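Structural overview for review
So the chains spell out like this:
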Amino acid sequence: LLIVAGTSLVVSPANSLVYNVPQTSHRVIINNEQVGKELGIDYGPNAERDFFAQGNCDDVFLDLICELGWLQDLNEVVHNLPEDSAHLISEKRK
């Protein structure tokens, strides 16, 4: 599993990760807009290995944390997070 978050995928060599993972690897793109089509990322309705989670990275990851049941774990370390992130988490708990 390759998670690509909040990037334009235009800077090399970092952008080569998306096509250097095995063909059997799933790729999750978390971003406000679709990126990396020229690198082989498939945003079509029949994409088998690529998944696009559109939105702000903090919001998408927090939704994932909630879906996985990890919010309580995050609450235990919220005091170590930047103020904006801590605020986002407190809003989610309401």
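Above this text sits the structure in question.
These notes cover the structure that comes with them. (Residues numbered from 1 in each chain as written. Predicted model: local features only at pLDDT ≥ 70, side-chain atom pairs only at ≥ 80, totals over all residues. Heavy atoms only, no water.)

A cluster of nonpolar side chains, Leu-64, Leu-68 and Trp-70, forms an exposed patch at the surface whose accessible area comes to about 300 Å². Note that Trp-70 resides in the loop between α2 (57–67) and α3 (71–75). (Patch = residues over 30% accessible without salt bridge, like charges linked within 9 Å, V, L, I, M, F, W, Y side chains within 5 Å. Areas by Shrake-Rupley, 256 points an atom, 1.4 Å probe, with all protein chains shown as cover. Salt bridge = Lys/Arg side-chain N within 4 Å of Asp/Glu carboxyl O. Helix = DSSP H or I, 4+ residues; strand = E, 2+ residues; numbered from the N terminus.)

Attention now moves to the pairing of strand β2 (residues 27–31). Burial analysis of β2 places five of its five residues in the buried class, which makes it a mostly covered element. Residues Arg-27, Ile-29 and Asn-31 line one face of β2 and the alternating positions Val-28 and Ile-30 line the opposite face, and both faces are buried. Summarising the sheet, strand β1 (residues 2–5) and β2 pair through four bridges and their orientation is parallel. Counted as the bridge partner of Val-4 is Ile-29 from β2. (Buried < 20%, exposed > 50% of the residue type's maximum accessible area, 1.4 Å probe, protein only. Pairing = 2+ DSSP bridges.)

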